[in-house]
Every structure is written in structure tokens, then in C-alpha cells.
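An overview of the molecular structure
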Amino acid sequence: MPHVRGEAAVLVEPGRLEVEDVAFRELGEDEVLVHNTVAAICGSDVHRVRAESPFFRDMRDHPYPCPAGYPGHEAVGRVMESRSARFTPGDLVLTVPNHAYMASFARYQTIADRFLLPLADTGAPTVHLMAQQLGTVVFALKRFWPEPVPPGRTAAVVGVGSAGLLFLQMLRHRGFERVVAVDLEPGRLAVARALGADATAHVPGESAEEVVMELTGGAGADLVIEAAGTDGAREHAMRMVGQQGRLGFFGMPEDYDMRIPYAHLFVRNAQLIHAVGGAQLEPGLASFRTALDLIGSGAVRVDDHITHTFDIKNVADAFDLAHHRGDGVVKVALTFD
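Now for a quick tour of the structure.

What about the pattern of salt bridges?
- Considering all chains together, one arrives at 19 salt bridges under this definition.
- Between Arg107 and Glu7 there is a salt bridge; the shortest N-O distance is 2.5 Å. You can see Arg107 sitting in the loop between strand 5 (92–95) and strand 6 (108–112) and its partner Glu7 sitting in strand 1 (residues 4–13), a full 100 residues away along the chain.
- Judged by relative accessible area, which is 14%, Arg107 ranks as buried.
- A salt bridge links Arg16 to Glu18; its shortest N-O distance comes to 2.0 Å.
- With a relative accessible area of 32%, Glu18 lands in the partly exposed category.
- Residues participating in the shared-partner salt-bridge network are Glu7, Arg107, Asp311 and Lys313.

In C-alpha cells form, the structure reads like this:
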């Protein structure tokens, strides 16, 4: 087929995305070319674009300008061309690329077939799209709390953007009796309450620690998940954990070092667990498949997660909104009409 060209976001320097008409390379063995329908902005994408995490400040892995479409990794689209035995042109797919194939902020995307899941050709693409982020949440919970949940347990989520709202629902689904939601934005806390949060803390005006202690009779939470990607959120989380409790850190670090209340964690004998990537490496993309099933069954609601949509031409405005979190935003998506 003729060499394909199309619009793509290109990160030309920290914090500056430009839209360019680019040529997409020919396919290798077991690769497909996907015509993206919709792509979503992940919180980690904001860190990468703004070079706010220590891992991206000097961009050792991706010198500027970055590859077209980087760092997008949540998309739904149709196969245009295939050198894969598993996919044919016209197939609707969810893309769940690893680092090497992060290129979803583009009209077209070349990707290995092992990072694709087939989708039913029904329903809204934005609903299918949420299975990517939910898959990473499912994977993280396999690390944070792999065993069955005993009766009477309490969990908390610090940061209820899109990932945090998915964690909240999954904690309910897994059997936690009470769930506390913590955030800076009152609108997000309202959504959290509608999705089943038993209590909320609007920080910094309210004390997250006091809210969880009141709910648990002073015991603290059995599991506290940080899903905001800020040291401030992690500080709240560490103060909320109870005896023999667990801390699940999901968000990216702000710096190489942060202050830890060691004595507080020591007397509680708390565990600190991380979940960095890995879902793309599971055999059969198991967590992403589970996510599709959970969404399809209605066990996890995602219809209202994508609150704002921008055309790819306005990608800079989309990232600005995702960063500043104004206008009641939960998650921002890009389209390629």
C-alpha cells in the first residue's frame, strides 16, 4: 500500500506539542497499522510531556523531538494494514502498547500485534477505550491485594481522577466494606460518592487522616492507594494506613527523593508496594481482558470518565486542561476526524 501520511502530535521540547503531517513507517513482521478513532490522555502522559518526573527531565530515552504520537498509549482504532496472522483490515482494536510502541497521539499508529486486543464492533469507542486504564488498575491490585478480602476491611484512594475512580470501583468489586476517597477537587469527590465512596476528604481543607480514622474507629485503612502522582498525595496516604496495613503507590514520582514518616509506618508495621507497568507483559494481556469483561458486564462504570474531547489539532489545549484540571475534567480524549 502507498506510504501513509497523517497528522500526529510531536513533542518538540518540554511542555510543547506541535501537530505535524508525518509519514508512518512500513510494517514489520507481526505488526499492524491502526487508524486511531480516539485516544486518551493518561496522567503519566502529562508527566512525560511536561518533563515533571525525574525519569523524563533529561529525556535520555527520547531526545527531542520525540517520535510522532509519543507518549500516547491508550487508543481505540481500526486495522488498516496487517502483517499479522491475528488481525485483518477493518478489525476494531484496543491498543495497549509498551514503551517502544507509545504513539497513540496520531491519526495512524504502527504497533506489534501482541499489544492489541480485538473489540466487539458495538458500543461507544470511548467506553472500550477505558479498558486500557482499567487493565493497569486490575494489574496493580494483583500486587496491592492479591488474596481474597476478609470481611470488614476498609480501603482508601488518594486522588480520584480517572484511575482513582477505577480503583474505587474495583475495591468495591473486590469486597472492601468501606472506601474513602481523597482529592483536591470537589467535583471529582462528588463523582466518587456517586460511584460508592462511603466518605470523602476534600484536602487540604479537610484532614484525610481524621476522616479515615473516624470511619474506622481509629484503626486506619487496611489498604491505601495513591493514584495522583504527587508527593502530597503520598503523604496523605501514609498517614491514613492502619496496623498491618498496606500502601499501594500507583502514581509516578515527582522527584528521586521524598519525605517519609518512617516512625509512623514503623509502629503500624505497614507494607509499601509499587505497581510499575507489567500489564503489557502478562500472557494473553490478562488484566486488559479482565477489564473488558468488567466494563462489558457493567461491574465497572466508565461512561462518564471521559469528560472532554479535543480534535488532534488542539492537542496543546487538551494537555493544558489535563494538567490544570479545570472545568470539572476527569479524563481528556483526542479524536482524529
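Quick look at the side chain of Ser44
- Relative to the assigned elements, Ser44 resides in helix 1 (residues 43–50).
- Given a relative accessible area of 15%, Ser44 falls into the buried group.
- Apart from residues no more than four positions distant in its own chain, Ser44 is found in contact with His73 and Met252.

Observations concerning the packing of helix 2 (residues 125–144) against helix 8 (residues 286–297)
- Packing of helix 2 against helix 8 brings their axes to within 7 Å, and their N-to-C directions diverge by 120 degrees. Considering the angle they form, helix 2 stands oblique to helix 8. Where helix 2 crosses over helix 8, the two elements pack in a sense that is right-handed. Here helix 2 contributes Val127, His128, Met130, Ala131, Gln132, Leu134, Gly135, Thr136, Val138, Phe139 and Lys142 to the contact with helix 8, which in turn contributes Ala286, Ser287, Phe288, Thr290, Ala291, Leu292, Leu294 and Ile295.
- Its residues placed into classes, the contact of helix 2 with helix 8 shows 12 nonpolar, 6 polar and 1 charged.

Description of the nonpolar core
- In terms of nonpolar packing, the biggest core is built from 52 residues, with Leu134, Leu141, Phe144, Phe167, Leu171 and Leu223 touching the most fellow members.
- With 10 residues, the single largest contributor to this core is helix 2.
- Excluding anything up to four places from it in sequence, Leu141 contacts Pro146, Phe167, Met170, Leu171, Arg174, Leu223 and Ile225.

Examining the pairing of strand 14 (residues 306–311)
- Inspection of the sheet shows strand 14 paired to strand 15 (residues 331–335) by 5 bridges, in the parallel sense. Paired with Phe310 across the strands is Leu334, a residue of strand 15.
- In this view, the connection linking strand 14 to its parallel neighbour strand 15 by way of helix 9 (residues 315–324) has right-handed handedness.

Let's talk about helix 1
- Among the 8 residues of helix 1, 6 are classified as buried, and the element is accordingly described as predominantly covered.
- Buried within helix 1 we find Ser44, Asp45, Val46, His47, Arg48 and Val49.
- In this structure, the buried side of helix 1 is in contact with strand 1, strand 2 (16–24), strand 3 (31–40) and helix 9.
- Remark: Ala51 follows helix 1 within two positions and exhibits a positive phi of approximately 55 degrees.

Some thoughts on the sheet that holds strand 13 (residues 271–274)
- If you trace the 6 strands from one edge of the open sheet to the other, you get 10-9-8-11-12-13, paired in parallel fashion. Unpaired on one side and paired on the other, strand 10 (199–202) and strand 13 mark the two borders of the sheet. Each neighbouring strand pair of the sheet contributes to a mean axis angle of 15 degrees, computed without reference to strand direction.
- Across 5 bridges, the pairing between strand 8 (residues 154–158) and strand 9 (residues 178–183) is parallel. Looking at the pairing, Ala156 lines up with Val180 of strand 9.
- Along the sheet, helix 6 (residues 231–240) makes contact with strand 8, strand 9, strand 11 (221–226) and strand 12 (241–249), crossing strand 12 at roughly 155 degrees.

A word on the pairing of strand 1
- Across the 10 residues of strand 1, 8 count as buried, placing the element largely inside the fold.
- Count of turn residues in the strand 1/strand 2 antiparallel hairpin: 2 residues, of which Gly15 carries a positive phi of about 85 degrees.

Details of the packing of aromatic side chains
- Enumeration over the complete set of coordinates arrives at 7 aromatic pairs.
- Ring centres of Tyr101 and Phe115 lie 5.8 Å apart, and the angle between their planes is 50 degrees; on these two criteria the pair is classed as tilted. Of the two residues, Tyr101 sits in the loop between strand 5 and strand 6 while Phe115 sits in the loop between strand 6 and strand 7 (116–118), which places them 14 residues apart along the sequence. The pair Tyr101 / Phe115 is uniform in exposure class, with both members buried.
- Each ring, one from Phe167 and one from Phe250, has its centre 4.9 Å from the other, and the planes form 85 degrees; the classification is edge-to-face. Residue Phe167 is located in helix 3 (residues 162–174), and its partner Phe250 is located in the loop between strand 12 and helix 7 (262–268); the two are separated by 83 residues in the primary sequence.
- Grouping aromatic residues by their ring pairs yields a cluster made of Phe144, Phe167 and Phe250.
- Over the aromatic face of Trp145 sits the side chain of Arg246, whose NZ or CZ is 4.1 Å from the ring centroid.

Criteria and thresholds
- Residues numbered from 1 in each chain as written.
- Predicted model: local features only at pLDDT ≥ 70, side-chain atom pairs only at ≥ 80, totals over all residues.
- Heavy atoms only, no water.
- Salt bridge = Lys/Arg side-chain N within 4 Å of Asp/Glu carboxyl O.
- Helix = DSSP H or I, 4+ residues; strand = E, 2+ residues; numbered from the N terminus.
- Buried < 20%, exposed > 50% of the residue type's maximum accessible area, 1.4 Å probe, protein only.
- Contact = heavy atoms within 4.5 Å.
- Axes fitted to C-alpha atoms, helices over the stretch in contact; angles between N-to-C directions.
- Parallel < 35°, antiparallel > 145°, perpendicular 65-115°, else oblique.
- Left-handed = near helix turned anticlockwise from the far one by under 90°.
- Nonpolar A, V, L, I, M, F, W, Y, C, P; charged D, E, K, R; others polar.
- Core = buried A, V, L, I, M, F, W, Y, C linked by side-chain atoms within 4.5 Å.
- Pairing = 2+ DSSP bridges.
- Right-handed = clockwise from strand over helix to strand, strands pointing away.
- Phe/Tyr/Trp six-rings, centres within 6.5 Å; stacked < 30°, edge-to-face > 60°.
- Lys NZ or Arg CZ within 6 Å of the ring centre and 35° of its normal.

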